[in-house]
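# Inside the fold
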Amino acid sequence: MSIPNIDNHTTLSATDSASNSTTPSTNDITRVREFLVDLQARICQALETQERDGGGDATFVPDDWERPEGGGGRSCVLADGKVIEKAGVMFSHIHVHNLPASATARHPNIAGRKAQAMGVSLVVHPKNPNVPTSHANVRLFVAEAEGEDPIWWFGGGFDLTPFYPVLADCVHWHQVCHDLCAPFGESVYPDFKQWCDEYFHLRHRDEQRGIGGLFYDDVNTESRGWDFDTCFDFMKAVGNGYLDGIMPIFEQRKGTPYTDEQRQFQLYRRGRYVEYNLVYDRGTLFGLQSNGRIESILVSMPPLVSWHYRFEPEPGSAEFELTDFYLKPRDWLSL
């Protein structure tokens, strides 16, 4: 699939200088948007390659949309593939005139401001239970008021939710996380790994959603001491790092044979994914509270899922090992 460019802004020339300011300019916001549009296209193309290599022919269908309050986006969805059962890769750049409680509760200083938010978010639900579900997003938020400096921050990350984990895959995933963070400081990987472990925790089950990865929010000059360009560079490292992390796992696991019992366990574990997204996920809550586009907000839902009353895996089984060993915060790079 070829995804046409939806960016209507003028492309910056090579002579345009990058800003090292702590306050983003219009050109800075344009540069972020251009990166996000390109990132969406590259991720879709990489996933379609995995689908073709696995003998499938499903492709992403782009759906352009506009938001009455301002802005819009492109939702790209692949469904019913042989390798990928469902994937949504979403770009949005929206304007919000009345910020929802999910935003102002954490940042009371932005109440009453107009805001714009842009980002790429994705969830990929492979059909083979040996290939993990993966999630990623990168975003920029800017709140503005006339006569005052904008309040801005970056957020994002990526995480992995396996059903039949392979230890080498878990180590690879976290090695990618570590390596992309390293140029930004020794504390970045441990800080954002821990944040991911804490964030993707189903408190009502006292259980991790997956093996984690990176999660960060509110990254700006005040919180990290980084200027705008450094924060943007980190966004680019995370966005590109998702592909570095997930593509080798797809390559190695998509052809692994599986049984109907393993498929049923995958559907059962997908239920945890649904529970998390509907109860805790900030992006879902922000979208629902800001009158967001419901089809794009809930595209993360798996196409098939099941719940079982008091399911207990047999001790010593692979299903038991998932929650007994893998779904616990640990130092993957020291195993």
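Before any of the text, the structure's been laid out above.
Computed from a predicted structure; not experimentally measured.

### Re helix H6 (residues 228-253)
The first and last C-alpha atoms of H6 sit 38 Å apart over 26 residues, in line with the 38 Å expected at 1.5 Å per residue. Measuring from the side-chain oxygen of the N-cap residue of H6 to the backbone nitrogen of Asp229 gives 3.3 Å; that N-cap residue is Asp227.

### Focus on the packing of helix H1 (residues 26-53) against H6
For the pair H1 and H6, interaxial distance at closest approach is 11 Å and the crossing angle is 0 degrees. The angle between H1 and H6 falls in the class roughly parallel. Listed contacts from H6 to Asp28, Arg31, Val32, Phe35, Leu36, Leu39, Arg42, Ile43, Ala46, Leu47, Gln50 and Asp53 of H1 are Phe228, Asp229, Phe232, Met235, Lys236, Gly239, Asn240, Tyr242, Leu243, Met247, Phe250 and Glu251. A per-class count over the contact of H1 with H6 returns 14 nonpolar, 3 polar and 7 charged.

### Things to note about the state of the cysteines
One pass over the structure, following the stated rule, counts 0 disulfides. Sulfur of Cys170: no disulfide; nearest cysteine sulfur belongs to Cys177 and is 11 Å away. Between Cys196, a cysteine without a disulfide, and Cys177, which holds the nearest cysteine sulfur, the sulfur-to-sulfur distance is 7.6 Å.

### As for the nonpolar core
The biggest cluster of nonpolar side chains holds 68 residues, and the ones touching the most others in it are Phe154, Phe158, Phe234, Met235 and Tyr242. When residues no more than four places from it in sequence are discounted, the contact partners of Tyr242 are Ile43, Leu122, Val124, Ser134, Ala136, Phe158 and Trp173. Grouped together as the second largest cluster of nonpolar side chains are 11 residues, Ile94, Ile110, Trp153 and Phe286 included.

### Observations concerning unusual backbone geometry
Despite not being glycine, Asp206 shows a phi value in the positive range, around 50 degrees. Considering the arrangement of structural elements, one finds Asp206 in the loop between strand S7 (201-202) and strand S8 (207-208).

### Quick notes on the packing of helix H3 (residues 167-181) against helix H4 (residues 188-199)
It is the contact of H3 with H4, at a shortest axis distance of 8 Å, that shows an interaxial angle of 130 degrees. Between H3 and H4, the interaxial angle falls into the category oblique. For H3 against H4, the interelement crossing comes out right-handed. The residues of H4 that touch H3, namely those facing His174, Cys177, His178 and Cys181, are Val188, Tyr189 and Lys193.

### Focus: H4
Helix length check: H4, at 12 residues, gives a terminal C-alpha distance of 16 Å against a target of 16 Å (1.5 Å per residue), a fit within 8%. Within the span of H4, buried status applies to Val188, Tyr189, Phe192, Lys193, Cys196, Asp197 and Tyr199.

### Things to note about the pattern of salt bridges
Scanning the entire structure with this criterion turns up 19 salt bridges. Between Asp233 and Lys236 there is a salt bridge; the shortest N-O distance is 3.3 Å. Of this pair, Asp233 and Lys236 both sit in helix H6, 3 residues apart, which is roughly one turn of that helix. Within the structure, one salt-bridge network assembled from shared partners comprises Asp28, Arg31 and Asp229.

Thresholds, definitions, all that
- Residues numbered from 1 in each chain as written.
- Predicted model: local features only at pLDDT ≥ 70, side-chain atom pairs only at ≥ 80, totals over all residues.
- Heavy atoms only, no water.
- Helix = DSSP H or I, 4+ residues; strand = E, 2+ residues; numbered from the N terminus.
- Expected span 1.5 Å × (residues − 1).
- Polar contact = N/O pair within 3.5 Å; in protein donor to acceptor, adjacent residues only side chain to side chain.
- Axes fitted to C-alpha atoms, helices over the stretch in contact; angles between N-to-C directions.
- Parallel < 35°, antiparallel > 145°, perpendicular 65-115°, else oblique.
- Contact = heavy atoms within 4.5 Å.
- Nonpolar A, V, L, I, M, F, W, Y, C, P; charged D, E, K, R; others polar.
- Disulfide = S-S within 2.5 Å.
- Core = buried A, V, L, I, M, F, W, Y, C linked by side-chain atoms within 4.5 Å.
- Buried < 20%, exposed > 50% of the residue type's maximum accessible area, 1.4 Å probe, protein only.
- Left-handed = near helix turned anticlockwise from the far one by under 90°.
- Salt bridge = Lys/Arg side-chain N within 4 Å of Asp/Glu carboxyl O.

Just distances and angles here, no functional claims.
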